[in-house]
Amino acid sequence: MTHDATDPVIGPNAIIQTVAALQDHIGPAPTAALLARAGLHHYLTTPPATMLPERDVTLLMTRIWAELDPAVANRVLDEAGRRTGAYLLANRIPRPVQRLLGWMPRPLGFRFLTAAIRRHAWT
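Summarised in this report is the structure supplied together with it. Everything quoted here is computed from the prediction, not taken from an experiment.

**Things to note about the pattern of salt bridges**
Oppositely charged side chains can pair when the atoms bearing their charge come close.
Thought 1: For the structure shown, the criterion picks out 6 salt bridges.
Thought 2: Measuring nitrogen to oxygen at the nearest pair gives 3.0 Å for the salt bridge that ties Arg-55 to Asp-7. Residue Arg-55 is located in helix α4 (residues 54–67), and its partner Asp-7 is located in the segment before β1 (9–10); the two are separated by 48 residues in the primary sequence.
Thought 3: What makes Asp-7 partly exposed here is its relative accessible area of 25%.
Thought 4: Measuring nitrogen to oxygen at the nearest pair gives 3.0 Å for the salt bridge that ties Glu-79 to Arg-83. Residue Glu-79 and its partner Arg-83 are located together in helix α5 (residues 70–91), separated by 4 residues, close to a single helical turn.

As structure tokens, this is what we get:
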């Protein structure tokens with residue numbers, strides 16, 4: 001899907017990890033059907049590799065909440081968030097910074113990490 005340069009974008013893990021969590025919780029065929037109804041089936045054959053339109057994620061989230069039992073939707077989205085966090089920790093936060101955050105008191109580490117996220121939110 002193409003998008004205008006002024007449209008809000010979001011990282012590909014918002015789709016990648018949500019699709020993986022859906023497949024684990026409801027199965028591959030129901031996931032494919034849900035994505036098709038959202039007009040996002042192409043992400044099954046070609047997972048996003050770059051920033052993507054935020055509206056695609058909004059479509060997926062809207063479809064999840066509309067079609068799944070609320071408890072299942074919560075589990076799927078919780079899992080997707082955990083997977084995204086694990087990906088970011090493994091691939092975007094250097095090990096020395098991870099160690100430093102581990103040594104900091106939680107409130108200070110949280111402020112440090114939040115400030116870094118704000119500075120790099122466009123990514």
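**Re the nonpolar core**
Thought 1: The biggest cluster of nonpolar side chains holds 19 residues, and the ones touching the most others in it are Ile-15, Leu-22, Leu-60, Ile-64 and Leu-68.
Thought 2: Breaking this core down by element, the ones donating at least two residues are α1 (13–26), α2 (28–37), α4 and α5.
Thought 3: At 5 residues, α1 tops the list of elements feeding residues into this core.
Thought 4: Setting aside anything within four residues of it in sequence, one finds Leu-22 in contact with Gly-27, Thr-31, Leu-34, Leu-60, Ile-64, Leu-68 and Val-76.

Conventions we followed
Residues numbered from 1 in each chain as written. Predicted model: local features only at pLDDT ≥ 70, side-chain atom pairs only at ≥ 80, totals over all residues. Heavy atoms only, no water. Salt bridge = Lys/Arg side-chain N within 4 Å of Asp/Glu carboxyl O. Helix = DSSP H or I, 4+ residues; strand = E, 2+ residues; numbered from the N terminus. Buried < 20%, exposed > 50% of the residue type's maximum accessible area, 1.4 Å probe, protein only. Core = buried A, V, L, I, M, F, W, Y, C linked by side-chain atoms within 4.5 Å. Contact = heavy atoms within 4.5 Å.

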